[in-house]
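# Working through the structure, step by step
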Amino acid sequence: MFIDQEKCSGCGICLPYCPAGAIKLVGKKAVVDRELCLECGNCGRKQVVRCPKDAFVEEPGLYEGVRAVRKFFSDPATTHKVTRIPGRGTEEVKTNDVTGRVRRGEIGLALEMGRPCLGTSMQEVQRVTMALAAHGVVFEENNPLTHLMSDRKTGAISTEYLKEKVVSVIIEFTDRAERLPLLLETIRKVARELDTVFSLDLIACFEDDGSLPVLETLNQLGMKPRPNAKINLGIGRPPAPLYREGGPCR
Ligand code: SF4
Ligand code: SF4
């Protein structure tokens, strides 16, 4: 994003709206620090910032170059080019009813790295992906981050993206349930090296009797999860397990 210097009156209205602190007053004009700007688009939303001079302008070609990574992982109004999914470019497992990503005997893990006002860098994200890849993790195909990797087996992200900063990235994968302790320990270790925040989502399937075996594993590890559930009644018709191998998952 940049500010048309001819139009800007230097009123300062826009300054508090930038989650990255990228808008500054220099003399009597506001300017965007290109290095800090995450291309989240917040300042350009007329109904939010109400710049009296309509001075915000999106960089030409923003959706094509390396910098497009900032846009796709920071502006919830964009739709990712590869996955065709808005937001951060992944359905996560909210639609597991129809995608059947996670089935019985498996766990889905999602690390949501960065938040507004803090963000994260692709360098940090790579620390996590490489630590996980060392244990043979297979990253989710339908997630844009996976498509930025130069080597999915090592978790390495293509070098041209490593200097990019974004609001938030989701690292996702599905694995066998018995590997949960190893994977959580790996995440715990690498978390100490990170200069950002993340939340860890663990997705699992109930058994017919209503039990959730993964809870016992967490108990043994001394971890207390905060249960969360989302039920999309009717969205999974027919339910994914009916036409996928691996047994029913509810
Ligand atoms: S709100 Fe508009 S006119 Fe006011 S400082 Fe920001 S860019 Fe300039
Ligand atoms: S696009 Fe987002 S990060 Fe960039 S200047 Fe505007 S509000 Fe700040």
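From a predicted model like this one, the values you see are computed outputs, not experimental measurements.

What counts, and where the lines are drawn
Residues numbered from 1 in each chain as written. Chains lettered and ligands numbered in written order. Predicted model: local features only at pLDDT ≥ 70, side-chain atom pairs only at ≥ 80, totals over all residues. Heavy atoms only, no water. Salt bridge = Lys/Arg side-chain N within 4 Å of Asp/Glu carboxyl O. Helix = DSSP H or I, 4+ residues; strand = E, 2+ residues; numbered from the N terminus. Buried < 20%, exposed > 50% of the residue type's maximum accessible area, 1.4 Å probe, protein only. Domains from an automatic or database assignment. Contact = heavy atoms within 4.5 Å. Buried area = accessible area lost by both parts, 1.4 Å probe. Core = buried A, V, L, I, M, F, W, Y, C linked by side-chain atoms within 4.5 Å.

According to the stated counting rule, one finds 19 salt bridges in the structure shown. Measuring nitrogen to oxygen at the nearest pair gives 2.9 Å for the salt bridge that ties Glu172 to Arg101. Here Glu172 is found in strand E10 (residues 169-176), whereas its partner Arg101 is found in the loop between helix H3 (96-99) and strand E5 (106-113), with 71 residues between them in sequence. In this pair, the class of Glu172 matches that of Arg101, namely buried. Residue Arg176 pairs with Glu178 through a salt bridge whose shortest N-O separation is 2.9 Å. Its relative accessible area of 47% is what places Arg176 among the partly exposed residues. Its relative accessible area of 55% is what places Glu178 among the exposed residues. Overlapping salt bridges, with partners in common, bring together Arg34, Glu39, Glu59 and Arg67 in one network.

Interface size is often expressed as the accessible area that is lost when the parts come together. Considered domain by domain, the protein is made up of domain 1 (2-57) and domain 2 (89-243). Computed from C-alpha atoms alone, the centre-to-centre distance between domain 1 and domain 2 is 35 Å. With four residues of domain 1 in contact, the opposing surface of domain 2 contributes five residues. Between domain 1 and domain 2, roughly 430 Å² of surface is buried when both sides are summed, and carbon and sulfur atoms account for 65% of that area. When the area that domain 1 buries against domain 2 is broken down by residue, the three leading residues are Pro19, Glu35 and Leu38, summing to 89%. Across the domain 1-domain 2 interface, the total number found is one salt bridge.

For the rest of this paragraph, the subject is the nonpolar core. Of all hydrophobic cores here, the largest spans 31 residues; its most connected members are Met122, Leu132, Leu145, Ile157 and Ile171. When neighbours within four sequence positions are excluded, Leu132 is seen to be in contact with Leu111, Val137, Phe139, Ile171, Phe173, Leu183, Thr186 and Ile187. Met1, Cys14, Cys18 and Cys43 belong to the second largest nonpolar core, which has 14 residues in total.

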